[in-house]
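Spelled out, the chains give:
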Amino acid sequence: METTYREAAALLWGEAGDYVHDAYQRHRHLFPGIPESVPMVIGLTAYGRCIGLTRLDAELLRTPRISIASTLFERGRRAVDDVVVHEMMHLHLAHTGKRTDHRSADWYAEVRRLAPEVLGRELDVRHGGDRRSVRVPNPAYEPGNGEPKTLVRKERVEAAVQHGDVAHFPQAFRPEGHDQGAPIEVYTY
């Protein structure tokens, strides 16, 4: 008898294990072609601050794996849904042969594609749209020294959607006081 990823998660993490797999299934229609199921791990995640992580390294893993921080479940069910969707975005981009990193044009396109369904509204986000090039005087310039008179620098465009928010889609776009739903108890070890 073979155990499914969902059954294993439920045995290890109780309702939280069931919930992450339910969230994956509820949102799978947004990501054509991704696997029907993937291993989903609940526990301490890498880097100390990370609340979700998708491992895609085919040389180390037989299948992609999603990890969710156990501390996320105390925030509520909708917070878990948002992180599962975020990790599914990485999976979908990899599955379609696109760049999975938050700074890529592919990530920004995926945010624009998903915003109406996930947030209920469109987002006008553009890769690099939160910075613009400006010319500033070059302090090293002196007539005849071969240095350019001005330099090009990037400056932040305050009115634009900032990259940090796009990198944390969809949770960064939830309004203040957004109902995160009921917390879920997690079995930890």
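The coordinates are above.
In this text, all values refer to a predicted model and were calculated from it rather than measured experimentally.

(A) Summary view of the packing of helix H3 (residues 77-95) against helix H4 (residues 105-119). The contact between H3 and H4 brings their axes to 11 Å, and the two run at 130°. Our classification of the angle between H3 and H4 gives oblique. The element H3 and its partner H4 pack so that their crossing is right-handed. Touching Val-85, His-86, Met-89, His-90, His-92 and Leu-93 of H3 are Asp-106, Trp-107, Glu-110, Val-111, Arg-113, Leu-114 and Val-118, all from H4.

(B) Broad picture of the packing of aromatic side chains. Overall, the coordinates contain one aromatic pair when judged by the stated rule. Where Phe-169 meets Phe-173, the ring centres are 6.1 Å apart and the plane angle is 55°; that geometry is what we call tilted. Residue Phe-169 shares its accessibility class with Phe-173, and that shared class is buried.

(C) View of H3. With 19 residues, H3 should cover 27 Å at 1.5 Å per step; its first-to-last C-alpha distance of 26 Å lies within 8% of that length. Burial within H3 is extensive, with 15 of its 19 residues counted as buried. Two residues or fewer past H3, Gly-97 is found with a positive phi of approximately 75°.

(D) Molecular detail of the sheet that holds strand S3 (residues 65-69). Reading across from one edge, S1-S3-S2 is the order of the three strands in this open sheet, with mixed pairing throughout. Where the open sheet ends on each side, the last strands, each with one partner, are strand S1 (40-43) and strand S2 (52-55). Here the average twist between neighbouring strands, direction ignored, is 20°. Across the sheet, helix H2 (residues 15-27) touches S1 and S3, and the angle it forms with S1 is around 135°.

Criteria and cut-off values
- Residues numbered from 1 in each chain as written.
- Predicted model: local features only at pLDDT ≥ 70, side-chain atom pairs only at ≥ 80, totals over all residues.
- Heavy atoms only, no water.
- Axes fitted to C-alpha atoms, helices over the stretch in contact; angles between N-to-C directions.
- Helix = DSSP H or I, 4+ residues; strand = E, 2+ residues; numbered from the N terminus.
- Parallel < 35°, antiparallel > 145°, perpendicular 65-115°, else oblique.
- Left-handed = near helix turned anticlockwise from the far one by under 90°.
- Contact = heavy atoms within 4.5 Å.
- Phe/Tyr/Trp six-rings, centres within 6.5 Å; stacked < 30°, edge-to-face > 60°.
- Buried < 20%, exposed > 50% of the residue type's maximum accessible area, 1.4 Å probe, protein only.
- Expected span 1.5 Å × (residues − 1).
- Pairing = 2+ DSSP bridges.

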